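Secondary and tertiary structure notes
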Amino acid sequence: MTTDVAVPPALPPGPPGGGARPRSRFSVPGGTALGVGSAVLYLSLIVLIPLAVVAWRSVDQGPGYFWRAVTTPDAWSALTLTVGASILVALINLVMGTIIAWVLVRDRFPGKAVVDTLIDLPFALPTIVAGLVLLSLYGPESPLGLNLAYSRAGVVLALLFVTLPFVVRTVQPVLLELDKEMEQAAASLGASPFQTFRRIILPNLVPAMLSGTALAFTRSIAEFGSTVLISGNLPFKTQVAAVNIFSQIEGDNTTGAAAISTVLLVVALVALVSLDLLQRWGSRRG
Amino acid sequence: MAKYGLRTIAVLYLFFLLVLPVGLIIWRTFGDGLGPFVEALTSASAVHAFQVTLTVALWAVAANTVFGVGTAVLLVRHRFPGKRLLNALIDLPMAVSPVVVGLALILVYGRFAPVGGLLESWGVQVIFSTPGMVLATVFVALPLVVRAVVPVLEELGDDQEQAAHTLGASRLQAFIRITLPGIRWALAYGVVLCLARSLGEYGAVAVVSGRLVDQTQTLTLFVEERFQNFDQPAAFAAATALALIAVITLLLTKLLRPKG
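Please read all numbers here as calculations on a predicted model, not as lab measurements.

Here's the deal with the nonpolar core
Ranked by internal contacts, the top residues of the largest apolar core, which has 176 residues, are Ile100, Leu132 and Phe161 of chain A. For this core, the element with the most residues is helix α8 (residues 152-177) of chain A, which contributes 14 residues.

What follows is the structure in structure tokens.
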């Protein structure tokens, strides 16, 4: 998928079109109620009720059971690997994503348009294909002689692949709109390029960099398809949380699977809510 | 100096993470010419997987398009209590792991769940069958059409729709002749994104389909199953076919993306 798919959670949840626009004189309240009812029903049947049942199932047999399910050695190891790898992946994305966005906006070289288009490829590529693609270059038959299959490095690589566009696509538009005159003023007052970057450019980019990083993090902790093939799903070594949930479902232990799922949902929500708070804090600072 | 340094870092990173792996798989697929590629994709299992994928994707796209346009109109043109909440909840599927999507649907629509059991007694099997796969696909692709249409609908304003009303058009007429033409590119953009996501979904479908070969196997499941069974040519061929669909999607969205 392209960025536009990824960015929505980061958008401030303001009501689109509400507020300023005068109420349409032609909206029929009855029709609105019917429409809202259908939309809510659709959302409830497919998304809300099933997710609520997952949360319910995880605590159904008491908090003690939930805790035991989350702290079984293989589940706990999968969770810590997932969160650890996701933090690492988010940090690498923070640096590399910003560099790539910088190069795409400020640099000029032949083939730049192609590079710019390619950035979205990880969103468009099915995750299982992403995993297969990485395995063919960094697997046992690697032409580079670099075998990362069944290792934690392989998991990190897969996560880096699927999260590549997040930081690039959030930083890029901000960089495009950045006023170059501020930088010129700083330079004319004797600032070194590094000083200009640190004091002028970076403060403007930080909110976008953070929101891209948070999105990359939430995507990483949820990721399944791309890690299936390259990780080999070795419990205690390369098994991520989503794969652990999958094997518990296959083993008919839906309560255990629901417990780990709930942990993942809570971590994702915490990340997204802190992102929202950060953005409000950022926009208050102007 | 710094300029070339950054450019080199960025290009090398993208080359080794993105270009080389994708290039290599295309190279390995077509290394022996087009013949093996076509052969692998025309086997009975592959053709069946194609059909299942298309059926599931088309149902999911149809459902999400109707929901997406309807909800976008509600969010932009109407006022109702709980609008902010509805707006926020639409993005929820983006934060949910595909495996959790599958588990959630099994817990509600599985054979041993209350709702699933009831449907089963009416002769409708949801999990391990097409309806469940459609539900899973609808779930993961749910926000795409709404999010594509909302900004354009906002920008469009409702002046023309109101003019149509004063000239005696019914709500349906105004929608078909004024609103729909106004949002058609944004809608096309959302539908393309939704279709691509639906064709490529793996995790959620893997859970709810039961991965029954030649029954509920989609193309992405086919890739995984063939690879695990050491049938690399078939896995690579199907993966390349999916990658080509992804590239076409990318180019189409590039064309359709709302400017500015």
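Now that the structure has been shown, we can carry on.
Topic: the UniProt feature "domain: ABC transmembrane type-1" (unreviewed entry) in chain A
In the UniProt entry, the feature "domain: ABC transmembrane type-1" (unreviewed entry) is given for residues 79-275 of chain A. End C-alpha to end C-alpha, residues 79-275 of chain A measures 21 Å, and it is 79% helix and 0% strand.

Details of the domain arrangement of chain A
Residues and elements named next belong to chain A. Domain annotation for chain A reports domain 1 (30-59) and domain 2 (62-284). Relative placement of domain 1 and domain 2: their C-alpha centres are 29 Å apart. Counting from both sides, the interface comprises six residues of domain 1 and, opposite them, nine residues of domain 2. A buried area of about 600 Å², summed over both sides, lies between domain 1 and domain 2, and 64% of it is on carbon and sulfur atoms. On inspection of domain 1 and its partner domain 2, the count reaches zero salt bridges. For the interface between domain 1 and domain 2, the tally reads three residue pairs in polar contact (both at pLDDT 80 or more).

Overview of the interface of chain B and chain A
Contact residues are listed per partner, giving 92 residues for chain B and 95 residues for chain A. Carbon and sulfur atoms make up 76% of the area that chain B and chain A hide from each other, which totals about 8100 Å². Here Asp116 of chain A and Lys254 of chain B are joined by a salt bridge, their closest N and O atoms 3.9 Å apart. Applying the counting rule to chain B against chain A returns twelve residue pairs in polar contact (both at pLDDT 80 or more). With 18 residues, the top contributor of residues to the side of chain B that touches chain A is helix α1 (residues 2-30) of chain B. By residue class, the composition of the side of chain B that touches chain A is 60 nonpolar, 15 polar and 17 charged.

Structural notes on the UniProt feature "domain: ABC transmembrane type-1" (unreviewed entry) in chain B
UniProt tags residues 50-257 of chain B as "domain: ABC transmembrane type-1" (unreviewed entry). The span residues 50-257 of chain B carries 77% helix and 0% strand; its end-to-end C-alpha distance comes to 28 Å.

Things to note about the domain arrangement of chain B
Residue and element names in this part refer to chain B. What the domain assignment lists for chain B is domain 1 (1-31) and domain 2 (44-256). Using C-alpha coordinates to define each centre, domain 1 is positioned 32 Å away from domain 2. Each partner contributes residues to the interface: domain 1 has five residues there, and domain 2 has four residues. On the domain 1 side of the contact with domain 2, Ile25, Arg28 and Thr29 bury the most area, a combined 72% of that side's loss. Joining domain 1 to domain 2, the criterion identifies zero salt bridges.

What about helix α3 (residues 62-70) of chain A?
One turn of an α-helix holds 3.6 residues; hence residues three or four places apart share an orientation. Residues and elements named next belong to chain A. The complete set of buried residues in α3 reads Phe66, Ala69 and Val70. Down the axis of α3, the buried set is contained in an arc of 95°. They therefore lie on one face. Turned more than 90 degrees away from the buried face of α3, the exposed residues are Trp67 and Arg68.

Points about the packing of helix α12 (residues 241-250) of chain A against helix α13 (residues 254-284) of chain A
Residue and element names in this part refer to chain A. Where α12 contacts α13, the axes come no closer than 8 Å and their chain directions differ by 160°. For the element pair α12 / α13, the angle class is roughly antiparallel. Viewed along their axes, α12 and α13 form a crossing whose handedness is left-handed. Contacts between α12 and α13 pair Ala241, Ala242, Asn244, Ile245, Gln248 and Ile249 from the former with Gly256, Ala257, Ile260, Ser261 and Leu264 from the latter. Within the contact of α12 with α13, the residues separate by chemical class into seven nonpolar, four polar and no charged.

Structural notes on unusual backbone geometry
Notably, Asp252 of chain A is not glycine yet its phi reads approximately 65°, a positive angle. Its place among the elements puts Asp252 of chain A in the loop between α12 and α13. Of note in the backbone geometry, Arg211 of chain B takes a positive phi value of approximately 50° without being a glycine. You can see Arg211 of chain B is positioned in the loop between α11 (203-209) and α12 (219-228).

Describing helix α7 (residues 130-141) of chain B
Residues and elements named next belong to chain B. Compared with the 16 Å implied by 1.5 Å per residue over twelve residues, the 16 Å span of α7 between its first and last C-alpha is a close match. For α7, the buried fraction is high: ten of the twelve residues fall into the buried class. Turning to α7, its buried residues are Gly132, Met133, Val134, Leu135, Ala136, Thr137, Val138, Phe139, Val140 and Ala141.

Quick notes on the UniProt feature "transmembrane region" (unreviewed entry) in chain B
When the UniProt feature table is mapped onto this chain numbering, "transmembrane region" (unreviewed entry) sits at residues 12-30, 50-76, 88-110, 122-146, 186-213 and 233-252 of chain B. Counted over residues 122-146 of chain B, helix gives 64% and strand 0%. Its end C-alpha atoms are 33 Å apart.

As for the UniProt feature "transmembrane region" (unreviewed entry) in chain A
All names here are of chain A. When the UniProt feature table is mapped to this numbering, "transmembrane region" (unreviewed entry) covers residues 33-56, 76-105, 117-138, 150-168, 201-222 and 256-278. In residues 33-56, helix accounts for 100% and strand for 0%; the two terminal C-alpha atoms are 29 Å from one another. The span residues 76-105 is 100% helical and 0% strand by assignment, and the distance between its end C-alpha atoms comes to 42 Å.

Overview of the confidence of the model for chain A
Looking at chain A, the pLDDT average stands at 87 and 89% of residues meet or exceed 70. Averaged over each element, pLDDT in chain A is lowest for helix α1 (residues 3-6) of chain A (39) and highest for helix α4 (residues 73-106) of chain A (96).

Things to note about the packing of aromatic side chains
Taken as a whole and judged by the stated rule, the model has seven aromatic pairs over all chains. Between Trp102 of chain A and Phe197 of chain A the ring centres are 6.0 Å apart and the planes differ by 85°, which places this aromatic pair in the edge-to-face class. Residue Trp102 of chain A is located in helix α4, and its partner Phe197 of chain A is located in helix α10 (residues 193-222); the two are separated by 95 residues in the primary sequence. Exposure remark for Phe197 of chain A: the relative accessible area of 29% places this residue in the partly exposed category. By the ring-pair criterion, three or more aromatic residues cluster together here, those being Phe224 and Phe246 of chain A together with Tyr202 of chain B.

Description of the packing of α12 of chain B against helix α13 (residues 232-256) of chain B
All names here are of chain B. Packing of α12 against α13 brings their axes to within 8 Å, and their N-to-C directions diverge by 155°. When the axes of α12 and α13 are compared, the pair comes out roughly antiparallel. In terms of crossing hand, the pair formed by α12 and α13 is left-handed. Within the contact between the two elements, α12 uses Leu219, Thr220, Phe222, Val223, Arg226 and Phe227 and α13 uses Gln232, Ala234, Ala235, Ala238, Ala239 and Leu242. Partitioned by chemical class, the residues of the contact of α12 with α13 number nine nonpolar, two polar and one charged.

Cut-off values and rules
- Residues numbered from 1 in each chain as written.
- Chains lettered and ligands numbered in written order.
- Predicted model: local features only at pLDDT ≥ 70, side-chain atom pairs only at ≥ 80, totals over all residues.
- Heavy atoms only, no water.
- Core = buried A, V, L, I, M, F, W, Y, C linked by side-chain atoms within 4.5 Å.
- Buried < 20%, exposed > 50% of the residue type's maximum accessible area, 1.4 Å probe, protein only.
- Helix = DSSP H or I, 4+ residues; strand = E, 2+ residues; numbered from the N terminus.
- UniProt positions renumbered as here; feature names shortened; annotations may be inferred.
- Domains from an automatic or database assignment.
- Contact = heavy atoms within 4.5 Å.
- Buried area = accessible area lost by both parts, 1.4 Å probe.
- Salt bridge = Lys/Arg side-chain N within 4 Å of Asp/Glu carboxyl O.
- Polar contact = N/O pair within 3.5 Å; in protein donor to acceptor, adjacent residues only side chain to side chain.
- Nonpolar A, V, L, I, M, F, W, Y, C, P; charged D, E, K, R; others polar.
- Arc of directions from axis to C-beta.
- Axes fitted to C-alpha atoms, helices over the stretch in contact; angles between N-to-C directions.
- Parallel < 35°, antiparallel > 145°, perpendicular 65-115°, else oblique.
- Left-handed = near helix turned anticlockwise from the far one by under 90°.
- Expected span 1.5 Å × (residues − 1).
- pLDDT = per-residue confidence, 0-100.
- Phe/Tyr/Trp six-rings, centres within 6.5 Å; stacked < 30°, edge-to-face > 60°.

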